[in-house]
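Summary of structural features
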Amino acid sequence: MEGALSNTKTQRQQSVYLKIHFTLYLATASICGGDGRWGRALLKSINAGRGTRKRVLFQDEDSGTEVGEGADEWAQSKATVRPPDQLELTDAELKEEFTRILTANNPHAPQNIVRYSFKEGTYKLIGFVDQLAVHFSQVGNLIPKDSDEGRRQHYRDKLMAGSQESAKVVLSEAEILEEEEEPKEAEADAGSQTDVPAAEVAEKVTEEELMTPKQPKERKLTNQFNFSERASQTFNNPLRDRECQMEPPPRTNFSATANQWEIYDAYVEELEKQEKTKEKEKTKTPVAKKMGKMAMRKMTSMESQSDDITKVTQAAKIVERMVNQNTYDDIAQDFKYYEDAADEYRDQEGTLLPLWKFQNDKAKRLAVTALCWNPKYNDLFAVGHGSYDFMKQSRGMLLLYSMKNPSFPEYIFSSESGIMCLDMHVDHPYLVVVGHYDGNVAIYNLKKPHSQPSFRSSAKSGKHTDPVWQVKWQKDDMDNNLNFFSVSSDGRIVSWTLVKSELVHTDVIKLKVEGSTMEGVEGLQLHTVGCGTAFDFHKEIDYMFLVGTEEGKIYKCSKYYSSQFLDTYDAHNMAVDAVSWNPYHTKVFMSCSSDWTVKIWDHTIKTPMFIYDLNSGVGDVAWAPYSSTVFAAVTTNGKAHVFDLSINKYEAICNQPVVAKKKNKITHVQFNPIYPIIIVGDDRGHVTCLKLSPNLRKMPKEKKGQEVQKGPAVEIAKLDKLLNLVREVKTKI
């Protein structure tokens, strides 16, 4: 059977080989040009010889008859089936080529994305758009070879490779033993196949153990392709406190008993020491005395430095300012950046925005009697507290506030008598001169923050006998001594000079009411004294100044004429509360009175140029430092009025109440020299800071191709234009 199967197999292989060779030959013969009939006949014989399937695969060329079962199927041509809705195209249309360009742009990416530009303040179109489209992403996990995890995995791989090699060695040794024991087993089988000793069974068991390799323990490896993120919350690190223990300071306990004799002896010894020191000082030279004074000053400074409170004072002030700036951050932002946008829709009208409110518990029930900005530090101003009620006179206070710390004053000085006026020196901004209700004047030095003034007048040095209503610093005299003037209702205008740490007074002029001379006993002429209430010095002409009186008159005086006035103006029907020269125009000044009026004057003309009735007593007026035509006035009904003559010559462009209660009377107003703010004080001791809206501080508009002219000359021309209009009207009348 096996021989017959092999013969048939070889015959099939030979027939297949012959068929393959002949088909290749036919292909070459047809290429070369031969007909190949004998080859086809040979293939027929091969097919006939196989005997498995009888069919003709070829067609005779001579007879033309088809041979074979599947000839009809191959001879038929393939018919194309067209769908009913297919378009019928011509050959030209079919041959037409349509080119498509593939680009990297994403057709679904938006092309009109805009972003807000904080630099330009507008929305800008983004030119670059991300065209990347992610179709598939796989998170992998790569470990560096030098890392700890990489080294551990490398070590595991080595262990696995070593275990596999040891298993191969065990298998090879087992095969050798098997080959050696095969003949022994054959002999044992021939001898006795039934009896198998126990030792041989044990050997077979050991052989099977050696043949089967030890499988290493399966270790769960991290799946690097199915990564899952795990998060865990860790414990917070515990806080550590570092402490150090210092050695306690040395202490000594002292105890003693004292009797009258010991006390007496101690006093005697102290007196003897004082006498000895006096004798030594007499014998010392002036240079040695100066050195001793310097040593004493150093000792006192060292003592002050050793005090813990003085060390912390400066740092505490800084921290207090920081805390207050955080507390009042909204107000600080309004002060710096806020501008009332509604001014664009108002017809030449403005508003006042309340900012900070300054008050102190120690100054309760004391009216604000004076306000003054520091000429060097634009955020610092001084407030004088006293009382205008002559039946309720008590103490006074001088407070200095900073806008950086609205909650508490920077300096506090108290006095026995009420403060009625004050002024700060231009060249020495730490010197503040005040006038008291009892007629005294005093100078406070901010560098020496003591409660007592550095210099003070007295009855011996010629103090006033009535309240001092106004004080003004003047230029130093020929010997560079500090000099200031004061006016009082006792009719005296006094010049005070600081000579060798003493105040020396000189009466400049005594006010007398004109036409009030009376003849007394023995032909004596009696004059009615004029009560001065306010004065102001000319900005350019040093010797000229104006004085307002309780009788409602204003006197133009000179420092060089003590017995005669340069001119007299019948200004008001009641007491003149304030007089002020224009900061730009040298001929114009302004006055206000309790008769409800504010008047603007040209000192060369005895009649006022402008008169404004505010329907309430006017406490104070002030010119704006940025314009010659802007000024502010405050009234006793709690309102602030701001005028701009270049916009409206007839009424105020701002009329606004600025105190909480109607009973509160506003007493004073002052413009800040730099910032667009004003401060107003009332009779309850409160000072309110207000910001001017843009309409209240309009500047000339820029014209195309022309530069805006600024400066004092422009302001003078602006006010002159208004005055000329008024003068023309008066001349026509």
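Residues numbered from 1 in each chain as written. Predicted model: local features only at pLDDT ≥ 70, side-chain atom pairs only at ≥ 80, totals over all residues. Heavy atoms only, no water.

The chain carries the name Dynein axonemal intermediate chain 1 in an unreviewed UniProt entry, which gives Diceros bicornis minor as its organism. We quote the UniProt Subunit (unreviewed entry) comment for the chain here in full: "Consists of at least two heavy chains and a number of intermediate and light chains. Interacts with BICD2. Interacts with CFAP45 and CFAP52. Interacts with CFAP53." (UniProt positions renumbered as here; feature names shortened; annotations may be inferred.)

Another aspect to go through is the confidence of the model for the chain. This prediction gives the chain a mean pLDDT of 76; 72% of its residues lie at or above 70. In the predicted structure, residues 24-36 sits below a pLDDT of 50 and forms six contacts with residues beyond four places in sequence or in another chain. In this model, residues 190-196 is a region of pLDDT below 50 whose contacts with residues beyond four sequence positions or in other chains number two contacts. (pLDDT = per-residue confidence, 0-100. Contact = heavy atoms within 4.5 Å.)

Glancing now at the sheet that holds strand S8 (residues 419-424). Spatial strand order, S8-S9-S10-S11: four strands in an open sheet with antiparallel pairing. Either end of the sheet is taken by a strand with one partner, and the two such strands are S8 and strand S11 (455-456). Bridge count for strand S9 (residues 431-436) against strand S10 (residues 441-445) is five bridges, and the pairing is antiparallel. What sits directly across from valine 434, in S10, is alanine 442. (Pairing = 2+ DSSP bridges. Helix = DSSP H or I, 4+ residues; strand = E, 2+ residues; numbered from the N terminus.)

Here we take up the sheet that holds strand S3 (residues 352-358). An order of S3-S32-S31-S30 is seen for the four strands of this open sheet, with the pairing classed as antiparallel. With partners counted over all chains shown, the strands left at the sheet margins are S3 and strand S30 (666-671), one partner each. Mean inter-strand twist for the sheet, computed between neighbouring axes without regard to direction, equals 25°. As paired strands, S3 and strand S32 (residues 687-692) are joined by five bridges and run antiparallel to one another. Within the sheet, the bridge partner assigned to proline 354 lies in S32 and is leucine 690. Sheet strands touched by helix H10 (residues 329-337): S3, strand S31 (677-682) and S32. Its angle to S3, the strand with the most contacts, is close to 135°. (Axes fitted to C-alpha atoms, helices over the stretch in contact; angles between N-to-C directions.)

Here we come to the nonpolar core. Grouped together as the largest cluster of nonpolar side chains are 21 residues, with contacts concentrated most on Val598, Ile600, Phe610, Tyr612, Val621, Phe631 and Leu645. Of all the elements, helix H11 (residues 712-732) adds the most residues to this core, at four residues. Discounting residues that sit within four places of it in the chain, phenylalanine 631 has contacts with Met590, Val598, Ile600, Tyr612, Ala622, Trp623, Ala624, His641, Val642, Phe643, Leu645 and Phe671. Ala622, Val630, Val659 and Leu690 belong to the second-largest nonpolar core, a separate cluster that totals 20 residues. (Core = buried A, V, L, I, M, F, W, Y, C linked by side-chain atoms within 4.5 Å. Buried < 20%, exposed > 50% of the residue type's maximum accessible area, 1.4 Å probe, protein only.)

The next point concerns the pattern of salt bridges. Scanning the entire structure with this criterion turns up 12 salt bridges. A salt bridge links arginine 151 to aspartate 148, with the shortest nitrogen-to-oxygen separation between them at 4.0 Å. Remark: aspartate 148 and arginine 151 occur in helix H5 (residues 148-191); sequence separation between them is three residues, near one turn of the helix. No difference in accessibility class separates arginine 151 from aspartate 148, as the two residues are exposed. Here the salt bridges share partners, and the residues they tie into one network are Asp490, Arg492 and Asp507. (Salt bridge = Lys/Arg side-chain N within 4 Å of Asp/Glu carboxyl O.)

What follows deals with the packing of aromatic side chains. Summed over the entire model, instances satisfying the criterion amount to 26 aromatic pairs. Between the aromatic rings of phenylalanine 485 and phenylalanine 537, the centroid separation amounts to 5.1 Å while the plane-to-plane angle is 70°, which identifies the pairing as edge-to-face. Of this pair, phenylalanine 485 sits in strand S13 (residues 483-488) while phenylalanine 537 sits in strand S18 (residues 532-537), and the two are 52 residues apart along the sequence. Residue class for phenylalanine 485 comes out buried when judged on its relative accessible area of 4%. Each member of the aromatic cluster is reached from another via a ring pair, and the members are Phe610, Tyr612, Trp623, Phe631 and Phe643. For the cation-ring pair, lysine 317 lies above tyrosine 411, with the distance from its terminal atom to the ring centre recorded as 5.4 Å. (Phe/Tyr/Trp six-rings, centres within 6.5 Å; stacked < 30°, edge-to-face > 60°. Lys NZ or Arg CZ within 6 Å of the ring centre and 35° of its normal.)

A few words now on the UniProt feature "repeat: WD" (unreviewed entry) in the chain. The UniProt record annotates "repeat: WD" (unreviewed entry) at residues 569-602. As annotated, residues 569-602 has a helix share of 0% and a strand share of 59%, and its two end C-alpha atoms lie 11 Å apart.

The next point concerns the environment of glutamine 656. In this structure, glutamine 656 sits in strand S29 (residues 654-657). Sequence separation between glutamine 656 and lysine 639 is 17 residues; the distance between their C-alpha atoms is 5.4 Å. What glutamine 656 contacts, discounting residues up to four positions off in sequence, is Thr351, Leu352, Gly638, Lys639 and Ala640. Within the local environment of glutamine 656, its side chain forms a polar contact with the backbone oxygen of leucine 352, the two atoms lying 2.7 Å apart. (Polar contact = N/O pair within 3.5 Å; in protein donor to acceptor, adjacent residues only side chain to side chain.)

Turning our eyes to something else, we now look at a negative patch on the surface. Together, Glu262, Asp265, Glu269, Glu270, Glu272, Glu275 and Glu279 make up a negatively charged patch on the protein surface. Among the structural elements, glutamate 269 can be located in helix H7 (residues 260-283). (Patch = residues over 30% accessible without salt bridge, like charges linked within 9 Å, V, L, I, M, F, W, Y side chains within 5 Å. Areas by Shrake-Rupley, 256 points an atom, 1.4 Å probe, with all protein chains shown as cover. Lys, Arg positive; Asp, Glu negative; His and termini not counted. Charge placed at Lys NZ, Arg CZ, Asp CG, Glu CD.)

With that settled, consider the pairing of strand S24 (residues 597-602). Counted residue by residue, S24 has six buried out of six residues, so it is predominantly covered. Neither face of S24 is exposed, since Thr597, Lys599 and Trp601 on one face and Val598, Ile600 and Asp602 on the opposite face are all buried. As defined by bridge partners, strand S23 (residues 588-593) adjoins S24 across five bridges and the pair is classed as antiparallel. For serine 591, the partnering residue across the bridge sits in S24 and is lysine 599. A loop of three residues connects S23 with S24, the two strands running antiparallel in sequence, and tryptophan 596 in this loop sits at a positive phi of about 80°. Where S24 and strand S25 (residues 610-613) come together, four bridges link them in antiparallel fashion.

Once that is clear, we can look at the pairing of strand S19 (residues 544-549). Counting buried positions along S19 yields six of six residues, so the element is predominantly enclosed. Where S18 meets S19, five bridges bridge the pair, whose relative direction is antiparallel. What sits directly across from aspartate 536, in S19, is leucine 546. In textbook terms, the turn of a hairpin is the stretch between consecutive antiparallel strands, and for S18 and S19 this stretch comprises six residues. As defined by bridge partners, S19 adjoins strand S20 (residues 553-558) across five bridges and the pair is classed as antiparallel. By the bridge assignment for S20, glycine 548 is matched with isoleucine 554.

With that settled, the discussion passes to the side chain of threonine 497. With respect to the secondary-structure elements, threonine 497 resides in strand S14 (residues 492-499). For threonine 497, a relative accessible area of 13% corresponds to the buried category.

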